[in-house]
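So the chains spell out like this:
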Amino acid sequence: MSRDATTASADLPPVELSIEIFPPKTAEARERLMANLELFAAAGPRFISVTCGAGGSGEDGTFQLATETASRYAIPVAAHLTCAYASREAIDALVRRYWEQGVRRIVALRGDKPKGALHYQPRPDGYAYANDLVAGLKAIAPFDVSVGCYPETHPEAPDADSDYRYLLRKIEAGADRLITQYCFETDKILRFRDRLVKDGVTVEFVPGIMPIHNFRQIKRFSAACGAGIPDWLEAMFEGVDEASPVHGMVAATVATEQCRRLAAEGLTRHHVYALNRAELPMALVHLLRASSRMPQAA
Ligand SMILES: NC(=O)C1=CN([C@@H]2O[C@H](COP(=O)(O)OP(=O)(O)OC[C@H]3O[C@@H](n4cnc5c(N)ncnc54)[C@H](O)[C@@H]3O)[C@@H](O)[C@H]2O)C=CC1
Ligand SMILES: Nc1nc(=O)c2c([nH]1)NC[C@@H]1CN(c3ccc(C(=O)N[C@@H](CCC(=O)O)C(=O)O)cc3)CN21
């Protein structure tokens, strides 16, 4: 029997998405984000996460946007919290404010080292690494805690095995969910998952998906954060101007194929790095809906 695209779609297990946004820096950017948030909310994501923006600073903007989003929509909000730039005391105080404001999910990260810095230097009065932050959070209140993980190894890690062992420490400290750094080579995500399964790790494993709204920009960011750009991806965008509608079509195809492959391999919860843009994330929502139903907002 022939399997057309629709039949193949129906065979896939439902995909559930969470969406990541960051605090806008200008009034215009804020207006755009507020409009896009309406679209995201209507898609019924599992949760919306609010980062500190690349570089890790800007906690104030994160607190404001996270609490505002939580009060506006009946969708769980996860606030990103980095430990690199603040004392334990300051972090603990912020965390208590989140709890009081009803933000009960935290994405616990160390934070990027400042641009130009050679090595990350833990503050003597701070939480040194994400595992310390996770333990600190759980000691304050029963937050739902997500942590980052790296199918292509964190760029500052001495090697893949030690990076993996540090991940296990984050899990031992109480992490509830692993969100991967985006990774265009889906096989690497799957191998990473297999290793965790083999080691008996049962916490939720959520691949991070980066829709490529601007190939050149994402390529630049990827070089800094250790995400590889495979030759096939480079070839797909070769000669495609980012201002051309073809760019978006290629990007939507790349992201959808990755999500569908992951779903076919049993990974059905994905975290979309929306970077405040709605076009590609919403294309993903629509394309994946053919193979699934988005859960409705709680
Ligand atoms: N969505 C987002 O905003 C994302 C942000 N990031 C950024 O990536 C950076 C890394 O954050 P995390 O994954 O939380 O860092 P982490 O603390 O888990 O690891 C950072 C580095 O330190 C090493 N390390 C971890 N624990 C250690 C320990 N106890 N002793 C010695 N070395 C240790 C790791 O191998 C890694 O190279 C952060 O800057 C974060 O902001 C990464 C992924 C997603
Ligand atoms: N190491 C790391 N730090 C992060 O902050 C981070 C990740 N990884 N991975 C997941 C998401 C993706 N993030 C990203 C990814 C790309 C840009 C980016 O393209 N930045 C532009 C400037 C954007 C702007 O200011 O408008 C750039 O050219 O770097 C930003 C944040 C934030 N998150």
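Calculation rules
Residues numbered from 1 in each chain as written. Chains lettered and ligands numbered in written order. Predicted model: local features only at pLDDT ≥ 70, side-chain atom pairs only at ≥ 80, totals over all residues. Heavy atoms only, no water. UniProt positions renumbered as here; feature names shortened; annotations may be inferred. Helix = DSSP H or I, 4+ residues; strand = E, 2+ residues; numbered from the N terminus. Rg over C-alpha atoms; globule rule 2.2 N^0.38 Å. Buried < 20%, exposed > 50% of the residue type's maximum accessible area, 1.4 Å probe, protein only. Areas by Shrake-Rupley, 256 points an atom, 1.4 Å probe, with all protein chains shown as cover. Lys, Arg positive; Asp, Glu negative; His and termini not counted. Charge placed at Lys NZ, Arg CZ, Asp CG, Glu CD. Near = heavy atom within 4 Å. Polar contact = N/O pair within 3.5 Å; in protein donor to acceptor, adjacent residues only side chain to side chain. Nonpolar A, V, L, I, M, F, W, Y, C, P; charged D, E, K, R; others polar. Axes fitted to C-alpha atoms, helices over the stretch in contact; angles between N-to-C directions. Parallel < 35°, antiparallel > 145°, perpendicular 65-115°, else oblique. Left-handed = near helix turned anticlockwise from the far one by under 90°. Contact = heavy atoms within 4.5 Å. Disulfide = S-S within 2.5 Å.

The name given to the protein chain in an unreviewed UniProt entry is Methylenetetrahydrofolate reductase, with the source organism recorded as Arboricoccus pini. UniProt's Sequence similarities (unreviewed entry) comment on the protein chain is quoted here verbatim: "Belongs to the methylenetetrahydrofolate reductase family."

Q: So what exactly am I meant to see when it comes to the overall build of the protein chain here?
A: From N to C terminus, the protein chain includes eleven helices and nine strands. In terms of overall dimensions, the protein chain is globule-like: its C-alpha atoms have a radius of gyration of 19 Å, near the 19 Å expected for 298 residues. Considering the protein chain as a whole, with its 298 residues, one finds that 50% of them fall into the buried category. Working note: accessible area of the protein chain is about 14,500 Å², and carbon and sulfur atoms make up 52% of it. Averaging the coordinates of the 34 positive side-chain charges in the protein chain and doing the same for the 37 negative ones gives two points 2 Å apart.

Q: Sorry if this is basic, but what is going on with the site of ligand 1 here?
A: Near ligand 1 lie 20 residues; those nearest to it are G111, D112, Y150, D163 and K170. A distance of 2.6 Å separates an oxygen atom of ligand 1 from a polar atom in the side chain of Y150. Within the backbone of A157, an N or O atom sits 3.1 Å from an oxygen atom of ligand 1. In isolation ligand 1 offers 830 Å² of accessible surface; the protein chains occlude 88% of this area. Counting residues per element, the shell around ligand 1 draws most heavily on helix 6 (residues 160-172), at four residues. Tallied by class, residues from the shell around ligand 1 come to eight nonpolar, five polar and seven charged.

Q: Sorry, what's going on with the packing of helix 7 (residues 186-198) against helix 10 (residues 245-264) here?
A: When two helices pack together, their arrangement is given by the angle between their axes and by how far apart the axes lie. One way to put it is that helix 7 packs onto helix 10 with a least axis distance of 10 Å and a crossing angle of 30°. Classed by the angle they form, the pair helix 7 and helix 10 counts as roughly parallel. For the element pair helix 7 and helix 10, the recorded crossing hand is right-handed. The segment helix 7 lies against helix 10, with T186, D187, I189 and L190 engaging Q258, R261 and L262. Looking at the contact of helix 7 with helix 10, its residues break down into three nonpolar, two polar and two charged.

Q: Mind showing me how you'd approach the site of ligand 2 here?
A: Of all residues adjacent to ligand 2, which total eleven residues, the nearest are D112, Q181, Q217, R220 and F221. Between ligand 2 and Q217 there is a distance of 2.9 Å, counted from an oxygen atom to a side-chain nitrogen or oxygen. For the shell around ligand 2, the element with the most residues is helix 8 (residues 215-225), which contributes four residues. Among the residues forming the shell around ligand 2, the class breakdown is six nonpolar, two polar and three charged.

Q: What is the right way to read the state of the cysteines from this model?
A: By definition, a disulfide links the sulfur atoms of two cysteines through a covalent bond. This model, assessed by the stated rule, comprises zero disulfides. With no disulfide of its own, C183 has C149 as its nearest cysteine by sulfur position, at a separation of 10.0 Å. Assessed through its relative accessible area of 1%, C183 is described here as buried. Between C225, a cysteine without a disulfide, and C183, which holds the nearest cysteine sulfur, the sulfur-to-sulfur distance is 10 Å. Residue class for C225 comes out buried when judged on its relative accessible area of 12%.

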